[in-house]
Amino acid sequence: MGVSGGVIGVSGGNGSSISSNNSNNSCIVNGNSSGEKMSWCRWRWEYQNHLLHHRLLSPAFVFFICCLVLYGSIGFLYSWVMFSKPAAVAGDFKSGSVMGLNSVGCLEDNEGSWSIGLFYGDSPFSLKPIESMNMWKNGSAAWPVANPVLTCASVSDIGFPSNFVADPFLYVQGDNLYLFYETKSSITLQGDIAVAKSVDKGATWQQLGIALDEDWHLSYPYVFDHLGEIYMMPEGSEKGDLRLYRAVKFPLQWKLERILIKKPLVDSFVIKHGGEFWLFGSDHSGFGTKKNGQLEIWHSSSPLGPWKPHKKNPIYNVDKSFGARNGGRPFVHDGNLYRIGQDCGDTYGRRVRIFKVETLTKDEYKEVEVSSGIKESSKGRNAWNGARYHHLDVQQLSTGEWIGVMDGDRVPSGDSVRRFILGCASFAAVTAIVVVLGVLLGAVKCIIPINWCAYYSGKRSDTTLLVWEKPNQFSSKVRRFCGRLNRAASSLRAKIRPNTWAGRLAVAVIFIVGAALMCTAVKYVYGGNGAQEPYPLNGYYSQFTLLTMTYDARLWNLKMYVKHYSRCSSVKEIVVVWNKGIPPELSDLDSVVPIRIRVEKQNSLNNRFKMDPLINTRAVLELDDDIMMSCDDIERGFNVWRQYPERIVGFYPRLISGSPLKYRGEKYARTHKGYNMILTGAAFIDGKLAFERYWSEAAKAAREFVDKNFNCEDVLLNYLYANSSSSRTVEYIRPAWAIDTSKFSGAAISRNTQAHYKIRSSCLQKFSEMYGSLSSRKSEFDQRKDGWDL
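The text that follows walks through the structure, step by step, so that each part is easy to find. Here the structure is a predicted model, which is why all the values come from computation and not from measurement. (Residues numbered from 1 in each chain as written. Predicted model: local features only at pLDDT ≥ 70, side-chain atom pairs only at ≥ 80, totals over all residues. Heavy atoms only, no water.)

Here the focus is unusual backbone geometry. Each neighbour pair has its own omega, and for Asn313 with Pro314 the value is -10°, a cis peptide bond. Within the chain, Tyr220 stands out as a residue other than glycine whose phi angle is a positive 45°. In this structure, Tyr220 sits in strand 11 (residues 219-226). Exposure remark for Tyr220: the relative accessible area of 1% places this residue in the buried category. We note that Phe710 has phi near 50°; this positive angle belongs to a residue other than glycine. Inspection of the secondary structure assignment puts Phe710 in the loop between helix 12 (700-709) and helix 13 (713-724). (Helix = DSSP H or I, 4+ residues; strand = E, 2+ residues; numbered from the N terminus. Buried < 20%, exposed > 50% of the residue type's maximum accessible area, 1.4 Å probe, protein only.)

This paragraph deals with helix 12. Those residues of helix 12 that sit buried are Ala702, Arg703, Phe705 and Val706. Angular distribution of buried residues about the axis of helix 12 spans 155°; they occupy a single face of the element. Against the buried residues of helix 12 lie helix 11 (687-694), helix 13 and helix 15 (753-771). Two residues or fewer after helix 12 comes Phe710, characterised by a positive phi angle close to 50°. (Arc of directions from axis to C-beta. Contact = heavy atoms within 4.5 Å.)

We now examine the state of the cysteines. Summed over the entire model, instances satisfying the criterion amount to 3 disulfides. Each sulfur in the disulfide pair Cys568 and Cys631 lies 2.0 Å from the other. With the S-S bond torsion at -75°, the cross-link from Cys568 to Cys631 turns out left-handed. Within this pair, whereas Cys568 is found in the loop between helix 8 (555-565) and strand 27 (571-578), its partner Cys631 is found in helix 9 (residues 631-643), the two being separated by 63 residues in sequence. An identical accessibility class is assigned to Cys568 and Cys631; each is buried. The side chain of Cys712 participates in a disulfide bridge whose partner is Cys763; the two sulfur atoms lie 2.0 Å from each other. Disulfide Cys712-Cys763: the torsion about the S-S bond is 85°, which places it as right-handed. One end of the pair, Cys712, is in the loop between helix 12 and helix 13; the other, Cys763, is in helix 15, with 51 residues separating them in the sequence. Across the pair, Cys763 and Cys712 agree in class, each one buried. Here the protein chain pairs its bonded cysteines, counted in sequence order, in the arrangement 1-2, 3-4, 5-6. (Disulfide = S-S within 2.5 Å.)

This part covers the sheet that holds strand 9 (residues 191-198). One open sheet holds the 4 strands; their spatial order is 7-8-9-10, and the pairing between them is antiparallel. Where the open sheet ends on each side, the last strands, each with one partner, are strand 7 (162-173) and strand 10 (206-212). Within the sheet, the average angular offset between the axes of one strand and its neighbour, ignoring direction, is 30°. As defined by bridge partners, strand 8 (residues 176-185) adjoins strand 9 across 8 bridges and the pair is classed as antiparallel. Across the sheet, Leu179 pairs through a bridge with Ala196, a residue of strand 9. (Pairing = 2+ DSSP bridges. Axes fitted to C-alpha atoms, helices over the stretch in contact; angles between N-to-C directions.)

Below, the discussion takes up the pairing of strand 12 (residues 229-235). For strand 12, a buried count of 6 out of 7 residues is recorded, marking the element as mostly surrounded by other parts of the structure. Two strands pair when backbone bridges link them, and strand 11 and strand 12 are joined in this way by 6 bridges, in the antiparallel orientation. Note that in strand 12 the partner of Ser219 across the bridge is Glu235. Taken together, strand 11 and the strand that follows it, strand 12, pair antiparallel across an intervening segment of 2 residues, in which Leu227 is found at a positive phi of about 55°. Where strand 12 and strand 13 (residues 242-249) come together, 2 bridges link them in antiparallel fashion.

Taken N-terminus to C-terminus, the directions of helix 2 (residues 59-82) and helix 4 (residues 415-441) make an angle of 130°; their axes are 10 Å apart at the nearest point. When the interaxial angle is binned, helix 2 and helix 4 end up oblique. Crossing angle aside, the handedness with which helix 2 passes helix 4 is right-handed. Where helix 2 approaches helix 4, its residues Phe63, Phe64, Cys67, Leu68 and Tyr71 are matched on the opposing element by Val430, Thr431, Ile433, Val434, Val435, Leu437, Gly438 and Leu441. Split by residue class, the contact of helix 2 with helix 4 holds 11 nonpolar, 2 polar and no charged. (Parallel < 35°, antiparallel > 145°, perpendicular 65-115°, else oblique. Left-handed = near helix turned anticlockwise from the far one by under 90°. Nonpolar A, V, L, I, M, F, W, Y, C, P; charged D, E, K, R; others polar.)

Counting 44 residues, the largest nonpolar core has Ile685, Tyr719 and Phe767 as the members making the most contacts within it. Looking at which element gives the most residues to this core, the answer is helix 13, with 7 residues. With 33 residues, the next largest nonpolar core counts Trp143, Phe544, Val640 and Ile733 among its residues. (Core = buried A, V, L, I, M, F, W, Y, C linked by side-chain atoms within 4.5 Å.)

Counting the residues that bridge the hairpin from strand 12 to strand 13 gives 6 residues, and of these Gly240 lies at a positive phi of roughly 95°. For strand 13 and strand 14 (residues 253-261), the ladder comprises 7 bridges, and the chain directions are antiparallel. The residue bridging Leu242 from the neighbouring strand is Ile261, located in strand 14. Between strand 13 and the antiparallel strand that follows it, strand 14, lie 3 residues.

Here you go:
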């Protein structure tokens, strides 16, 4: 058998020959003996399979695949527990009322997820969000209305798919508010100008449609009056100039009036001051210009031009965090002119800064920064503007009240790309850890193939290889590095021996680190931006009061409880009903929302449903202090309750049935495929409605029974609801996960489950005698809410 040119030739005894070309694994047969032909081909086939098995199914390869499958399973389990959740809505699930459910809009966008909020105040420096004004809109939209009032869904729902809305400008016309803003089209991925109208001071908005759509990107729709005409000066720097449009039929029809300046100015505005018109804008196209840190001023006797540059242009060419780029409409307060700028230091549009203009002439310009009075949210990414807010338009109404619109985002610019990079880096780190584990366990003999290494002693007959390995060449250094890496692996294996206790511990730690990195990778790539957002109903958001009842022995639970739930998007206030012992100081509780401790004179479970005139939301979430679940579960429950505010909507179902009645757990309800009671230890209720029923004269005897047994206040409320209505009175929402923290603290109220259930069974008998049975009110578990979206 000879080797020549990569072809193996074999001569048989009868002169036949068989050759196989290694490049294509073909089998060439010459000769007359068919038996020898088949034997040689079979040998070649088995040899090829042996090579394939040796190279691809080696112990190292099998170990590598098994480890990745194991780590992948860990990542899948993590994503299933943390990010998969039951359906969000109840009755109108199929109608697509959840934001983006049946819309191609609201897609993840690297520019962000901007939305728009409304603010009111006695001055432009004391603005408060609309939810602080306790503004109600009768009906079923929200109680009270909460920011944001406009989102990408607002535009998408009327047939103009949008990824975000930003740069809002108000135009006030009597009692009507018109809101012009940028909407980024999900189809063309460019900005258009849309408009909405409100006739109730911003509580609700009617989307009118797209007001201006050009072939280039538009934003910053600065709208103003001049000599009875309405003008819009949007930012369209992509076109290379600054254009002015006039309303032909306000607010949806506009005509190009003229090109004001043939420069690509961004975020420009015009204002009259000192008998002259002034145009402020930024030109980022010049050589040496610092993006988002440049500002120019122009002046004219008319907003239509011609415009002359300020003597000191550019006014600014500074760091992007300074606030040089405009961030909204300038305003006059107490005779002083103020300019709003953008701080783009940490990320684009991080915050707005307000500057008081002290000097504005054709030759001089001077301004000083003043406090904006805007209080940033402490809820982080759970707040609609927790990460950044970069635009503000504030105006004074005829009533003297000030109104403002601001855009905000819960994620910084480029967040989706950053998460993808970090996720990929985490996956790469998991792969490296798999290799390290393989080295330690002996499944991987060397990290780099031997023939890559500089000190490989195999035969080197290829002259090109010898040239490639010339000293001081980059390739030679790479091969030396590979060799050292292999020696490092050998050294690591010598130091950490898996057959010792210390070695087993080290291997376990390395494996756990890999699992943590896998979960981190899944979180970044699959888990989204980390924000647990509120769910709108009919396009509007609201807030609720969180109420819990506790006492001194459970302070540890309470501290963790307040820190977690105060950061949920829709929580407006936390009320702690303190039943026994010395209450904590408010400073002891880490809350980012107002918290009130209501100290009760008597230790009674009836205090949970006590009338409280200081609660100013219709929705009250009764939630035990030892129950921990995700903010997203809470938000989904709140969304369902707003659809059925006359019901108890909660997370723990029970089925009351049988003769005699016997209290049983959730397993019994699921086995019998139905429920007719929701435990109010984790349930949304209409505070006024529920409290009035509970403290009615008809419930007096039942309340006394609750005090006597120190149990069953939640059972009583369910009976009172059922007694007051012939329709369905409870609604169940399955949480993705829930933890009972009392198991860790040892401060559980009902340690003896059997005794606890026995008391509750007697309550069922008593309340059934007083208010009638619940057995006929069985509701089936709804798979649309109870199923999992995987």
